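So you can see what is in the structure, the chains are spelled out below.
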Amino acid sequence: MSTDKIVMQTEDLKVSFPVRRAGHSTTVQAVRGVDITLRAGETLGLVGESGSGKSTLARALMRLIPSEGTVKLDGRDVSGLKPGAFRKERKRIQMVFQDPYSSLNPSLTVGASIAEPLKVHTKLSAAERAERISEVLALVGLNADYADRYPDEFSGGQRQRVAIARAIVLNPEILVCDEAVSALDVSTQNQVINLLEELRDKIGLSYLFISHDLAVVRHISDYVAVMYLGEIVEEGPVDRIFGAAAHPYTQVLLNAVPVPDPVAQRATTKLLLRGDIPDPTNPPSGCAFHQRCPFAMEICAQKAPPKVEIPGGGVAKCHLHTSGPVLAGRAISSLTEAGTETGIGAAYDGTPKSTLPAVAVSGNLESSL
Ligand SMILES: Nc1ncnc2c1ncn2[C@@H]1O[C@H](COP(=O)(O)OP(=O)(O)O)[C@@H](O)[C@H]1O
Ligand code: SF4
Ligand SMILES: [Mg+2]
């Protein structure tokens, strides 16, 4: 269970990449001022369509790429540390990727792969390392004698268990899982998610769990942050986010999850996503979502929306909650009922500002959005 102890916190975290476009130098603004807080024992789910900056945020937290702003681990600012000095902190925060092929060297036995971080970060003897390797293999539900085998002898789920074993071998406090179960079939996904939940309780981990799959995020997370074009546009306790989203983008993402019952699907009043994700080298003015938002108002293109506290927990960055019609922290879904219930008709005439066609989205966000 989560406690009040903060294990990781970012303030105004920014990452940009220099790129060349049409012969000109410019920058991709991949992460644009992110504040997130991870509490001990908590799973913070991070969602957002492909290209929203989730992996870049994860890499910045791991100090794998340069960033501006602050990253604190256990209250200590580590953002200014050079890679050498960060090495000591590396034990606290580890990462599991989508594709275990990329994190496991195919020419090393599983045992040798898991031993690597032990060699770099500890002074354990070979015998002590072997003992620790057996221990973590047991923790992830694998036989100790698997240490002598190679990654290609395992199934995808087993390989992901090995990647998790490698990530936890130094006893970290934080595990960043970037699409860690996305490549697995559903039943294997469930097994790996169960394992992550078990480990959280058994060895006291906190997770930043990144996924485009909202059902998975809903299942595993205590708290959810929604990312759009490099910004967290809404965050809050998982039940509030899924039960009463306060930001139109969150609502659109939720609508993209297929409802198994077609009758229920038809009965839902849908907010649909229009157009493509904007160019991250030139983010839109004001609210970055304004060209695609069905509720966009005059102010949305002019002024960045402030963070507003939402009843039920968390915040949303949307003008509807301040300059907009009578919404004041209510679920955005109440606006989809033709505007009558909230009196939104007074401020929003039902004609979206953008002329982009509305498109229905369904299924896998990564491939369809
Ligand atoms: N090394 C890089 N150089 C230039 N642009 C990058 C680089 N890495 C990521 N990007 C860009 O940053 C944005 C965010 O990407 P990413 O963090 O991978 O998003 P997500 O993980 O949410 O799909 C995208 O526009 C992507 O093209
Ligand atoms: S600030 Fe405006 S454009 Fe942005 S999400 Fe809210 S209503 Fe839509
Ligand atoms: Mg990614």
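Conventions adopted
- One numbering rule holds for all chains: residues counted from 1, following each sequence as written.
- For naming, the first written chain is A and the first written ligand is 1, with later ones following in the order written.
- Given that this is a predicted model, residues contribute local features only at a pLDDT of at least 70 and side-chain atom pairs are listed and counted only at 80 or more, while totals for whole chains, interfaces and linings are drawn from all residues.
- Computation of side-chain values: all heavy atoms of the structure, hydrogens and water removed.
- Secondary structure elements are defined from DSSP: runs of H or I of at least 4 residues count as helices, runs of E of at least 2 residues count as strands, and each element is numbered from the N terminus.
- Using a 1.4 Å probe on the protein chains alone, a residue whose accessible area is under 20% of its type maximum counts as buried, one over 50% counts as exposed, and one in between counts as partly exposed.
- Contacts are assigned to residue pairs that have any heavy atoms within 4.5 Å of one another.
- Computed with the Shrake-Rupley method and a 1.4 Å probe, the accessible areas treat only the protein chains shown as cover for residues.
- For two strands to be treated as a pair, DSSP must find at least two bridges joining them.
- Axis geometry follows a simple rule: fit a line to the C-alpha atoms, using only the stretch in contact for helices, then measure angles between N-to-C directions, giving values from 0 to 180 degrees.
- Whether a residue is near a molecule or strand depends on its heavy atoms: it is near if one of them lies within 4 Å of it.
- Side-chain atoms alone can form a polar contact between residues adjacent in sequence; in general such a contact is a pair of N or O atoms within 3.5 Å, and within protein one must be able to donate a hydrogen while the other accepts it.
- Every residue is assigned a pLDDT by the predictor, reflecting its confidence on a scale from 0 to 100.
- When describing relative orientation, an angle under 35 degrees is termed roughly parallel and one over 145 degrees roughly antiparallel, while 65 to 115 degrees is termed roughly perpendicular and anything else oblique.
- The hand of a helix crossing depends on one turn: near helix anticlockwise from the far one by less than a right angle means left-handed, and clockwise means right-handed.
- Residue polarity follows a fixed list, in which Ala, Val, Leu, Ile, Met, Phe, Trp, Tyr, Cys and Pro are nonpolar, Asp, Glu, Lys and Arg are charged, and the others, Gly among them, are polar.

J.: What's the story with the overall build of the chain in this structure? I'm lost.
T.: Along the backbone of the chain there are 13 helices and 15 strands. Relative to its full complement of 369 residues, the chain shows a buried share of 50%. Nonlocal contacts in the chain, meaning residues at least 24 apart in sequence, comprise 64% of its contacts between residues at least 6 apart. Summing over all exposed atoms, the chain offers an accessible surface of approximately 16500 Å²; the carbon and sulfur share of this is 51%.

J.: Even after reading the chapter, I still don't get the pairing of strand β5 (residues 68-73), so can you show me in this structure?
T.: Both faces of the sheet carry side chains from a regular strand, because those side chains alternate between them. The pairing of strand β1 (residues 6-21) with β5 spans five bridges and is classified as antiparallel. Looking at the pairing, K14 lines up with E68 of β5. In the sheet, β5 pairs with strand β6 (residues 76-77) via two bridges, with the strands oriented antiparallel. Following the sheet pairing, L73 is matched in β6 by R76. With antiparallel pairing between neighbouring strands as the criterion, β5 and β6 make up a hairpin whose turn holds two residues, including D74 at a positive phi of roughly 50 degrees.

J.: How do you make sense of the sheet that holds strand β7 (residues 93-96) when you look at a structure like this?
T.: Strand order in this open sheet of eight strands is β7-β8-β9-β4-β10-β11-β14-β13, and the pairing throughout is mixed. On the outer flanks of this sheet lie β7 and β13 (307-309), each paired with one strand and no other. Strand-to-strand twist across the sheet, computed as the mean angle between neighbouring axes with direction ignored, equals 20 degrees. Pairing analysis gives five bridges linking strand β8 (residues 174-178) to strand β9 (residues 206-210), with the strands arranged parallel.

J.: What am I meant to see in the site of ligand 1 here?
T.: What surrounds ligand 1 is a group of 13 residues, the closest being G51, G53, K54, S55 and T56. S52 has a polar backbone atom sitting 3.2 Å from an oxygen atom of ligand 1. When ligand 1 is considered free in solution it has 560 Å² of accessible area, and contact with the protein chains removes 66% of it. Secondary structure elements with two or more residues in the shell around ligand 1: β1, β2 (24-34) and α1 (54-61).

J.: When you look at the pairing of strand β11 (residues 231-237) in this model, what are you seeing that I'm missing?
T.: The buried count for β11 comes to six of seven residues, which makes it a mostly enclosed element. Once strand β10 (residues 223-228) ends, the chain turns through two residues before running back antiparallel as β11, passing L229 with a positive phi of about 45 degrees. Sheet topology note: the β11/strand β14 (residues 315-317) ladder contains two bridges and is antiparallel. Bridge assignment links E234 to a residue of β14, and that residue is A316.

J.: So what exactly am I meant to see when it comes to the confidence of the model for the chain here?
T.: Predicted coordinates in regions of low pLDDT should not be interpreted in detail. Considering every residue of the chain, the mean pLDDT works out to 85; 82% of them sit at 70 or more. In the model, residues 337-369 has pLDDT below 50 throughout and makes 54 contacts with residues more than four positions away in sequence or in other chains.

J.: What should I look at first to understand unusual backbone geometry in this one?
T.: The phi torsion of most residues other than glycine is negative, and most of the peptide bonds are trans. With phi around 50 degrees, D12 is a residue other than glycine that occupies positive phi space. Within the secondary structure, D12 sits in strand β1. Classification of D12 as partly exposed rests on a relative accessible area of 41%. Residues other than glycine seldom take positive phi values, yet L229 does so here, at roughly 45 degrees. Positionally, L229 belongs in the loop between β10 and β11. Classification of L229 as buried rests on a relative accessible area of 3%.

J.: In this structure, what is going on with the side chain of R292? I would like to understand it.
T.: Examined against the element boundaries, R292 turns out to sit in the loop between β12 (273-274) and α12 (298-302). On the accessibility criterion, R292 (2% relative accessible area) is buried. Within the structure, the side chain of R292 is placed 2.9 Å from the backbone oxygen of G275, a separation counted as a polar contact. Apart from residues lying up to four places away in sequence, R292 is in contact with E49, Y228, L273, R274, G275, D276, I277 and P278.

J.: What is the right way to read the packing of helix α6 (residues 156-168) against helix α7 (residues 186-203) from this model?
T.: Helix-helix packing is characterised by the crossing angle of the two axes and by the distance between the axes. Where α6 contacts α7, the axes come no closer than 10 Å and their chain directions differ by 20 degrees. When the axes of α6 and α7 are compared, the pair comes out roughly parallel. The chirality of how α6 crosses α7 is right-handed. Facing α6, whose interface residues are G157, R161, I164 and I168, α7 presents T188, Q191, V192, L195, L196, L199 and I203. In terms of residue class, the contact of α6 with α7 is built from seven nonpolar, three polar and one charged.

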